[in-house]
Amino acid sequence: MELQHFCHPEHPLIFNEKRIYDTDCYGCDKPILGPNYSCTKCDHFYHHKSCAELPLGLHHPLHPKHPLIIFQSWRYYDNKDYECEICKENQGEYAYRCSHCNFNLHITCASLAPTMEAEVHDHPLTPFWKWITFTCDLCGKKGEGMPYQCNPCGFEIHRECASFLHRVKVVRHKHPLNLIHSLDVHQLDSPFCQLCAQQVDTNYGVYYCYRCDFVAHIHCAMDRRNMEDINLLELKDDENEDLELDQFVHLATYKVKKTTVGEDGIEIATEIEHFSHEHDLKYTYEVLNNEKCNGCVRAILPPFYSCAKCSFFLHKSCVDLPRKKRYPLHQHPLTLFPKKPSRRKWFFCNACSQYCNGFTYICEDCDFELDVQCFLTLDILTHESHKHQLILSNTGYRQSCSGCGSKSLLVFRCTICEFALDFNCVELPHTTRYKQHEHPFTLFYIAEDNSGEYYCDICEEERDPNHWFYYCSDCSYPTHPKCILGKYPKCKFEGVYTFSRHPHPLTFVEEPKDHPPCDTCEDPCDEFIYQCVQCNFNIHYFCL
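Computed from a prediction, not measured in an experiment: that's the story for all the values here.

(A) Structural view of the overall build of the chain. Each helix and strand counted, the chain has 8 helices and 41 strands in total. Across its three principal directions, the C-alpha atoms of the chain cover 85 × 60 × 55 Å. The 544 residues of the chain split such that 47% are buried. Once local pairs closer than 6 in sequence are excluded, the contacts in the chain between residues at least 24 apart make up 47%. If you average the places of the 52 positive and of the 75 negative side-chain charges in the chain, the two averages end up 4 Å apart.

(B) Examining empty space enclosed by the protein more closely. What the rule picks out here adds up to 1 cavity of 30 Å³ or more. Taken as a whole, the largest cavity encloses approximately 30 Å³ of empty space. Forming the boundary of the largest cavity are Gly295, Cys296, Val297, Cys356, Gly358, Phe359, Asp371, Val372 and Lys490. Here the lining of the largest cavity is composed, by residue class, of 5 nonpolar, 2 polar and 2 charged.

(C) Examining the sheet that holds strand β17 (residues 214-217) more closely. Pairing is antiparallel in the open sheet, where 4 strands are placed in the order β14-β15-β16-β17. Only two strands of the sheet have a single partner each, and these edge strands are β14 (167-168) and β17. Across 3 bridges, the pairing between strand β15 (residues 177-180) and strand β16 (residues 206-209) is antiparallel. Following the sheet pairing, leucine 179 is matched in β16 by tyrosine 207.

(D) The arrangement of the nonpolar core in detail. In this structure, Leu138, Ile157 and Tyr207 are the most contacted members of the largest nonpolar core, which totals 64 residues. It is β16 that provides the largest number of residues to this core, a total of 4 residues. Counting residues in hydrophobic clusters, the runner-up holds 55 residues, among them Cys318, Cys366, Leu370 and Tyr434.

(E) View of the pairing of β16. Here β16 shows two buried faces, one formed by Val206 and Tyr208 and the other by Tyr207 and Cys209. Strand direction decides the pairing type here: β16 and β17, joined by 4 bridges, are antiparallel. Each bridged residue has a counterpart across the sheet, and for cysteine 209 the counterpart in β17 is phenylalanine 214. Turn length for the β16-β17 hairpin, with the two strands adjacent in sequence and antiparallel, is 4 residues, and the turn residue aspartate 213 shows positive phi of about 55 degrees.

(F) Structural context of the sheet that holds strand β7 (residues 94-98). The sheet built from 4 strands is open, its strands ordered β5-β6-β7-β8 with antiparallel pairing. Since the sheet does not close on itself, it has two edges, and those belong to β5 (57-60) and β8 (103-106), each with one partner. Between one strand axis and the next, the sheet turns through 35 degrees on average, direction left out of account. With 3 bridges joining them, β5 and strand β6 (residues 63-72) adopt antiparallel strand pairing. By the bridge assignment for β6, histidine 60 is matched with histidine 63.

(G) Spatial organisation of the side chain of asparagine 36. Along the polypeptide, asparagine 36 turns up in strand β3 (residues 36-39). A polar contact of 3.0 Å, which involves the side chain of asparagine 36, links it to the backbone oxygen of glycine 34. Discounting residues that sit within four places of it in the chain, asparagine 36 has contacts with Ile14, Phe15, Asn16, Lys18, Ile20, Tyr46, His47, His48 and Lys49.

(H) Structural detail: the pairing of strand β20 (residues 267-274). Sheet topology note: the strand β19 (residues 254-261)/β20 ladder contains 7 bridges and is antiparallel. The residue of β20 that forms the bridge with valine 261 is glutamate 267. Between β19 and β20, which pair antiparallel one after the other, the connecting turn spans 5 residues, and glycine 265 there sits at a positive phi close to 85 degrees. In terms of strand pairing, β20 meets strand β21 (residues 281-284) through 2 bridges, oriented antiparallel. Pairing of isoleucine 272 across the sheet is with leucine 281, part of β21. Between the antiparallel neighbours β20 and β21 lie 6 residues.

(I) Local environment of the pattern of salt bridges. Across all of its chains, the model carries 16 salt bridges by this definition. A salt bridge links aspartate 320 to lysine 316; the shortest N-O distance between them is 2.5 Å. A residue is classified by how much of its surface remains accessible, and aspartate 320, at 37% relative accessible area, is partly exposed. Taking the relative accessible area as the measure of exposure, lysine 316 reaches 33% and is therefore partly exposed. Shared partners join several salt bridges into a network, and the residues in it are Lys169, Glu228 and Arg326.

(J) Representation of a negative patch on the surface in the model. On the surface, a cluster of negative charge is made up of Glu453, Asp457, Glu460, Glu461, Glu462 and Asp464. Following the sequence through the fold, aspartate 457 ends up in the loop between β35 (441-444) and β36 (469-472).

(K) Examining the packing of aromatic side chains more closely. Scanning the entire structure with this criterion turns up 38 aromatic pairs. With a centroid separation of 6.0 Å and 55 degrees between ring planes, the pair formed by phenylalanine 71 and tyrosine 76 is classed as tilted. On the basis of relative accessible area, tyrosine 76 is assigned to the partly exposed category, the value being 32%. Between the aromatic rings of tyrosine 361 and phenylalanine 375, the centroid separation amounts to 3.6 Å while the plane-to-plane angle is 10 degrees, which identifies the pairing as stacked. Remark: phenylalanine 375 occurs in helix α6 (residues 372-375) and tyrosine 361 occurs in strand β28 (residues 360-362); sequence separation between them is 14 residues. Through a chain of ring-to-ring contacts, three or more aromatic side chains come together here, namely Trp346, Phe348, Tyr355, Tyr488, Phe493, Tyr497, Phe499, Phe508, Phe528, Tyr530, Tyr541 and Phe542. Sitting over the face of the ring of phenylalanine 469, arginine 463 holds its NZ or CZ atom 4.3 Å from the ring centroid.

(L) Examining unusual backbone geometry more closely. With omega at -5 degrees, the peptide bond leading from proline 302 into proline 303 counts as cis. Topologically, proline 303 is positioned in the loop between β21 and β22 (304-306). Backbone geometry places alanine 197, a non-glycine residue, at a positive phi of 65 degrees. Within the secondary structure, alanine 197 sits in the loop between β15 and β16. Even without a glycine there, the phi angle at glutamate 494 is positive, about 75 degrees.

(M) Geometry of the side chain of histidine 106. Mapped onto the secondary structure, histidine 106 falls in strand β8. On the basis of relative accessibility, which here comes to 1%, the residue histidine 106 falls in the buried class. Residues within four places of histidine 106 in sequence aside, it is in contact with Ser73, Cys84, Cys87, Glu89, Asn90, Gln91, Glu93, Tyr94 and Ala95.

Thresholds applied
- Residues numbered from 1 in each chain as written.
- Predicted model: local features only at pLDDT ≥ 70, side-chain atom pairs only at ≥ 80, totals over all residues.
- Heavy atoms only, no water.
- Helix = DSSP H or I, 4+ residues; strand = E, 2+ residues; numbered from the N terminus.
- Buried < 20%, exposed > 50% of the residue type's maximum accessible area, 1.4 Å probe, protein only.
- Contact = heavy atoms within 4.5 Å.
- Lys, Arg positive; Asp, Glu negative; His and termini not counted.
- Charge placed at Lys NZ, Arg CZ, Asp CG, Glu CD.
- 1 Å grid on protein atoms, 1.4 Å probe; cavity = no way out; pocket = protein on both sides within 12 Å on 5 of 7 lines; lining within 4 Å.
- Points joined across faces, edges and corners; volume = space filled by probe spheres on them.
- Nonpolar A, V, L, I, M, F, W, Y, C, P; charged D, E, K, R; others polar.
- Pairing = 2+ DSSP bridges.
- Core = buried A, V, L, I, M, F, W, Y, C linked by side-chain atoms within 4.5 Å.
- Axes fitted to C-alpha atoms, helices over the stretch in contact; angles between N-to-C directions.
- Polar contact = N/O pair within 3.5 Å; in protein donor to acceptor, adjacent residues only side chain to side chain.
- Salt bridge = Lys/Arg side-chain N within 4 Å of Asp/Glu carboxyl O.
- Patch = residues over 30% accessible without salt bridge, like charges linked within 9 Å, V, L, I, M, F, W, Y side chains within 5 Å.
- Areas by Shrake-Rupley, 256 points an atom, 1.4 Å probe, with all protein chains shown as cover.
- Phe/Tyr/Trp six-rings, centres within 6.5 Å; stacked < 30°, edge-to-face > 60°.
- Lys NZ or Arg CZ within 6 Å of the ring centre and 35° of its normal.

As structure tokens, this is what we get:
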């Protein structure tokens, strides 16, 4: 089924019954969670089915004198003549307009139903056709707008909250959650949302699991990043009882070629064929300096598996990684790939926001990727730097990390105090080495003394005494984590790759010394380039 639409006259919009992810509607700017239209040639102009099929004109009871014609209101976002008469804003959505009277209605404001049967309330709700300030009786948040009301009950609710479901399934819990309008304090010792790790107001609505005392803010549970991709109409109360979050499908990642029996009587695979590498790997206890695991891109420590023909190493734990597994940050199972299946051979991790070129877990349904270190980090953990348990907090706003001061959408929060860590600080190694320095460096969480002067001995820049740092106690040698671990700690450089663009293998280089010109665009190659030593060929990663 196709539709010729005024927003894109060049091509028809094609109907798709499947749900899509991480895409907002071109018409109303809201997430698309069901049937939709889009231009398959441009991979753009995604619409809800209802938004794509809106009439081009209509008569509205708020403006009966003239017909209203649909238009793209965001083209006039800075012109007050195009503000919506109801919400008094000029938002990024379609609107209906009478050009004679400068009368405008957003499609969401124009389509307010006279009455609404909501799952969150026992009686029909009616819109209040005035812009007012009120407190929502469901979520407890103050706001401005046009609430839905139940006159017999005096119940007043946000329009968004009126569309919430009485039951949801979130990725991070195995049972469905039911909407309740208040929570008895005695039910939980310290009520906090287990999706954002922040306190809940027990006088207002929450999603709750009676079996497990699992509680979540209604907005957190309805966030598309947290919702399970299942049909709730087909989900029964007794289902998912045995479905654990860490359930995964066993797919063999290696074949055992040779084995031996260790001193403890446990059989050890001494030679394997791993799906990520063309040569066999052998088990070794050799001590290597300045080498990284090709899986997690951490320093390689014995025992591990190595290739006798090339510089390829894997920790035993990386050899044993599952091929497919669920993760608490995503709705779909993730599949393990030895390299990002693209021409660049590296990727951007959705959890830590760092560039990585080790193994990657990818969602084959949508654009979601994790590096191995983030994938192995639990959503509930304890950390040496803090005495309380930390819970993964997934919010729509950035929170400050207590270890480095940076702000992130994903942090591990303490529910008792204001302590939080981002993925990068949680994953910092407790000890590390730096080039030819003879002693190891240890991660410190508080300043080494009370001198009042704190500097990094590598970059010689000042350090924030409230931030974590690495320290060699033998030499009184402090340093920033980024100075000792490098700008791209999750990338393994000097690896060799083949591309159709060049006849010889190319080496991945972090930062060339002389910044040679790119053989394609002729601009200087500053960082993240591929080089052919054999013929002095240099190319940016984005020019491949």
